[in-house]
Amino acid sequence: ERATLGLLRDAPAVTLDGIAIRLEANIELPEEATTALAAGADGIGLFRSEFLFMGRSDLPGEDEQYQAYASVVRIMAGRPVTIRTLDIGSDKTLDGEVTVATNPALGLRAIRYCLANPELFATQLRALLRASSHGPVRILIPMISHMHEVYATRQAIAAARAELDARGQAYSGNIALGAMVEIPAIAIAIDPFVENLDFLSIGTNDLIQYTLAIDRGDNDVASLYDPMHPAVLRLIAHTINAGERTGKPVAVCGEMAGDARVTRMLLGLGLKEFSMHPQQLLDVKKEVRLAHTNALRVKVASALNRAERIDLADLDS
Ligand code: PEP
Ligand code: MG
């Protein structure tokens, strides 16, 4: 058993019809990068940086953040490390923070919170930039809904660079900037986002929540939380197609990416980058290596056009 898993870990994630798939890992704490690497991850597709900020009474300073980000970059040894800027608010709150938002899931969270707290954002951006001097870092912005948030983030990054220049501190001049696609509005009106960013990562956990108006943490409506809803699949397809049209990489980093039961569906939607919990990597890789992407794409496209709920069993060959 262990030997088979070891073989699978070192085997390439390539479909039967020769399509290479990137399988990356989601992590919450820097030390999990070791597990990700051991599981054969091609990179870190999502480092949820908010976990550095949670469960403590103070904020992590620039040096502490820099050490954390740089350690992940070093462990991953040249593989890309995608670090998401602070995604605080809603289900994840800072200690001592008094939130009185009427509806936290629709309130001042994630990039909205960061742009409203420029000092805190600048500190994180400087730490991220400094970590990029040790290997490839990609910056991922959560909860983007408007283009002006992308422009404001670019300005904040430019200001952080200027500050590091003034201090004489090193960073890479070549850091990719991407956004989470987790608010339906940007999946629907994707063009300016895909054109102005270097990559996209679909956060299906929130995308499903906001598309179907189902609180992802509310058990009473959990049975309505349906990743296979045609509206959700169409938003994912639309985003992947925009990436193909512009040559920009598109990943899925929500829970769907690590669910081996829906791997064939995602391949059929054209997905080539998956990011998931390290423990799920081998099960997904197994599915990838047994799939015929082109046959799946034809099946999924025709089912989406008929707008019916796709039965996963129909995708079995
Ligand atoms: C998502 O929304 O799908 C996602 C990956 O981010 P989080 O679960 O941290 O909100
Ligand atoms: Mg999310």
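Procedures and definitions
Residue indices follow the written sequence of each chain, beginning from 1 at its first position. Chain labels run from A onward and ligand labels from 1 onward, assigned in the order the entries are written. This being a predicted model, a pLDDT of at least 70 is required before a residue's local features are given, and a value of 80 or more before pairs of side-chain atoms are given or counted; all residues contribute to the totals for chains, interfaces and linings. Working definition: helices are DSSP H or I runs of at least four residues, strands are E runs of at least two. Numbering for both runs from the N terminus. Our radius of gyration is a C-alpha quantity, and the globule rule it is checked against amounts to 2.2 Å times the number of residues to the power 0.38. Exposure criterion: with C-beta atoms placed from backbone coordinates, a residue whose C-beta has 20 or more other C-beta atoms within 10 Å is buried, one with 12 or fewer is exposed, and one in between is partly exposed. Residues are scored as being in contact if the C-beta atoms we place from backbone atoms lie within 7 Å. UniProt positions are given in the numbering used here, feature names are shortened, and annotations may be inferred rather than shown by experiment. Strands are treated as partners if at least two bridges between them are detected by DSSP. Between the N-to-C directions of two axes lies an angle of 0 to 180 degrees, each axis being a line fitted to C-alpha atoms and, for a helix, fitted only over the stretch in contact. Take the residue count of a helix, subtract one, and multiply by 1.5 Å to get its expected span. Each direction from the helix axis to a C-beta atom contributes to the arc, which is the arc of those directions. The crossover handedness rule: strands pointing away from the viewer, path from first strand over the helix to second strand clockwise, crossover right-handed.

**Quick look at the overall build of the protein chain**
Reasoning step 1: Along the backbone of the protein chain there are 13 helices and eight strands.
Reasoning step 2: Whereas a compact globule of 317 residues would reach a radius of gyration of roughly 20 Å, the protein chain reaches 19 Å, a difference of no more than 12%.
Reasoning step 3: With the C-alpha coordinates aligned to their principal axes, the bounding extent of the protein chain is approximately 60 × 45 × 35 Å.
Reasoning step 4: Here the protein chain holds 317 residues, and 42% of them are scored as buried.
Reasoning step 5: For the protein chain, contacts bridging at least 24 residues in sequence account for 70% of all contacts bridging at least 6.

**A look at the UniProt feature "binding site: phosphoenolpyruvate" (unreviewed entry) in the protein chain**
Reasoning step 1: Following the UniProt record, one finds the feature "binding site: phosphoenolpyruvate" (unreviewed entry) at Arg-48, Arg-84, Asn-205, Asp-206 and Arg-216.
Reasoning step 2: Mapped onto the secondary structure, Asn-205 falls in helix 9 (residues 204-212).
Reasoning step 3: Within the secondary structure, Arg-216 sits in the loop between helix 9 and helix 10 (230-246).
Reasoning step 4: The exposure class assigned to Arg-216 is partly exposed, which follows from the 18 C-beta atoms found within 10 Å.

**Comments concerning the sheet that holds strand 3 (residues 81-84)**
Reasoning step 1: Spatial strand order, 1-2-3-4-5-6-7-8: eight strands in a closed barrel with parallel pairing. Here the average twist between neighbouring strands, direction ignored, is 25°.
Reasoning step 2: Bridging between strand 4 (residues 137-141) and strand 5 (residues 176-181) involves four bridges; their strand directions are parallel. In the strand pairing of strand 5, Ile-139 is matched with Leu-177.

**Regarding helix 13 (residues 293-306)**
Reasoning step 1: Taking 1.5 Å of rise per residue, the 14 residues of helix 13 would be expected to cover 20 Å, and the 20 Å separating its terminal C-alpha atoms lies within 8% of that figure.
Reasoning step 2: Taken as a whole, helix 13 has its buried residues at Thr-293, Leu-296 and Val-300. All buried residues of helix 13 fall inside an arc of 60° around its axis, so they share one side. In helix 13, those exposed residues whose orientation departs by more than 90 degrees from the buried face are Val-298, Ser-302, Asn-305 and Arg-306.
Reasoning step 3: Contacts made by the buried residues of helix 13 are with helix 11 (263-268).

**Points about the UniProt feature "binding site: Mg(2+)" (unreviewed entry) in the protein chain**
Reasoning step 1: Annotation from UniProt places "binding site: Mg(2+)" (unreviewed entry) at Glu-182 and Asp-206. These annotated residues cover 25 residues of sequence, and their C-alpha atoms all fall within 5.3 Å of one another, placing them together at a single site.
Reasoning step 2: Here Glu-182 is to be found in the loop between strand 5 and helix 7 (184-188).
Reasoning step 3: The class of Glu-182 is buried, set by 26 C-beta atoms lying within 10 Å.
Reasoning step 4: Apart from the residues lying within four places of it in its own chain, the contact partners of Glu-182 are Met-143, Gly-203, Asp-206 and Leu-207.
Reasoning step 5: Within the secondary structure, Asp-206 is located in helix 9.
Reasoning step 6: For Asp-206, a count of 23 C-beta atoms within 10 Å translates into the label buried.

**Quick notes on the pairing of strand 1 (residues 22-27)**
Each regular strand shows side chains that alternate between the opposite faces of the sheet.
Reasoning step 1: Summarising burial for strand 1: five of the six residues are buried, a large majority.
Reasoning step 2: Alignment of strand 1 against strand 8 (residues 273-276), held across four bridges, turns out to be parallel. When the sheet's bridge partners are listed, Glu-24 is paired in strand 8 with Ser-275.
Reasoning step 3: Pairing between strand 1 and strand 2 (residues 44-48): three bridges, direction parallel. Within strand 2, the residue paired with Ile-27 across the bridge is Phe-47.

**A few points about the environment of Ala-159**
Reasoning step 1: By the element assignment, Ala-159 lies in helix 6 (residues 147-167).
Reasoning step 2: Spatially, the C-alpha atom of Ala-159 lies 11 Å from that of Glu-119, the residues being 40 residues apart in sequence.

**Section: the environment of Gly-178**
Reasoning step 1: Mapped onto the fold, Gly-178 is located in strand 5.
Reasoning step 2: Gly-178 sits in the buried class, given 24 other C-beta atoms within 10 Å.
Reasoning step 3: Taking the C-alpha atoms as reference points, Gly-178 and Ile-83, 95 residues apart in sequence, are found 10.0 Å from one another.
Reasoning step 4: If near-sequence neighbours (up to four positions away) are discounted, Gly-178 is found in contact with Arg-138, Leu-140, Leu-197, Asp-198, Phe-199, Leu-200 and Ser-201.

**Some remarks on the pairing of strand 4**
Reasoning step 1: A large share of strand 4 lies buried, amounting to five of its five residues.
Reasoning step 2: Pairing of strand 3 with strand 4 involves four bridges; the strand directions are parallel. Following the sheet pairing, Val-81 is matched in strand 4 by Val-137.
Reasoning step 3: Taken together, strand 4, helix 6 and strand 5 constitute a β-α-β crossover, and its handedness is right-handed.

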